[in-house]
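Examining the three-dimensional arrangement
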Amino acid sequence: MFLLPLLPLLLLFPSASSFGTSPQKKCIIKICHNKDCCKKGGGDKLLSTFRDLVPFHNTQLDIQSTGCLSQCGKGPNICVVGKNGGDEKIYYNVKDALDASAVLDVA
């Protein structure tokens with residue numbers, strides 16, 4: 001019988017230890033893709049920054065694009081939706097990796 005070491009399996013399937021349990025809820029980070037936020041360094045650039053900062057195997061964070069968050073003058077803006085799905089917090093003027101890292105620290 002051939003047995004694979006457990007560590008490589010956990011690296012390939014990070015949620016392997018949760019088989020048979022209910023799925024864990026994700027924290028969702030929504031990046032505004034409205035034209036005003038995109039002009040100020042948001043949009044795809046900020047989306048890439050967040051994705052670069054979040055480890056690929058982190059299944060607890062979902063980084064998405066979204067429409068306008070209604071505070072265009074304060075942009076680029078992002079919205080963090082908590083794991084329970086009800087708590088939302090908007091962060092304004094998130095423009096670089098340092099700002100993105102600070103948001104991830106509290107997400």
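Rules used throughout
Residues numbered from 1 in each chain as written. Predicted model: local features only at pLDDT ≥ 70, side-chain atom pairs only at ≥ 80, totals over all residues. Heavy atoms only, no water. Salt bridge = Lys/Arg side-chain N within 4 Å of Asp/Glu carboxyl O. Buried < 20%, exposed > 50% of the residue type's maximum accessible area, 1.4 Å probe, protein only. Helix = DSSP H or I, 4+ residues; strand = E, 2+ residues; numbered from the N terminus. Pairing = 2+ DSSP bridges. Polar contact = N/O pair within 3.5 Å; in protein donor to acceptor, adjacent residues only side chain to side chain. Contact = heavy atoms within 4.5 Å.

It is worth spelling out the pattern of salt bridges at this point. By the definition in use, this model includes one salt bridge. One salt bridge connects Asp-99 with Lys-95, and the closest N-O pair in it is separated by 3.6 Å.

A few words now on the pairing of strand S3 (residues 78-81). Both faces of the sheet carry side chains from a regular strand, because those side chains alternate between them. Across the two faces of S3 the burial is the same, with Ile-78 and Val-80 and Cys-79 and Val-81 all buried. Of the pairings in the sheet, the one linking strand S1 (residues 27-32) to S3 comprises four bridges and is antiparallel in character. Note that in S3 the partner of Ile-29 across the bridge is Val-80. Bridging between S3 and strand S4 (residues 88-91) involves four bridges; their strand directions are antiparallel. Note on S4: the bridge partner recorded for Val-81 is Glu-88.

This part is about the side chain of Thr-49. Relative to the elements of secondary structure, Thr-49 occurs in helix H3 (residues 44-53). Within the local environment of Thr-49, its side chain forms a polar contact with the backbone oxygen of Lys-45, the two atoms lying 3.0 Å apart. Setting aside anything within four residues of it in sequence, one finds Thr-49 in contact with Asp-96, Ala-97 and Ala-100.

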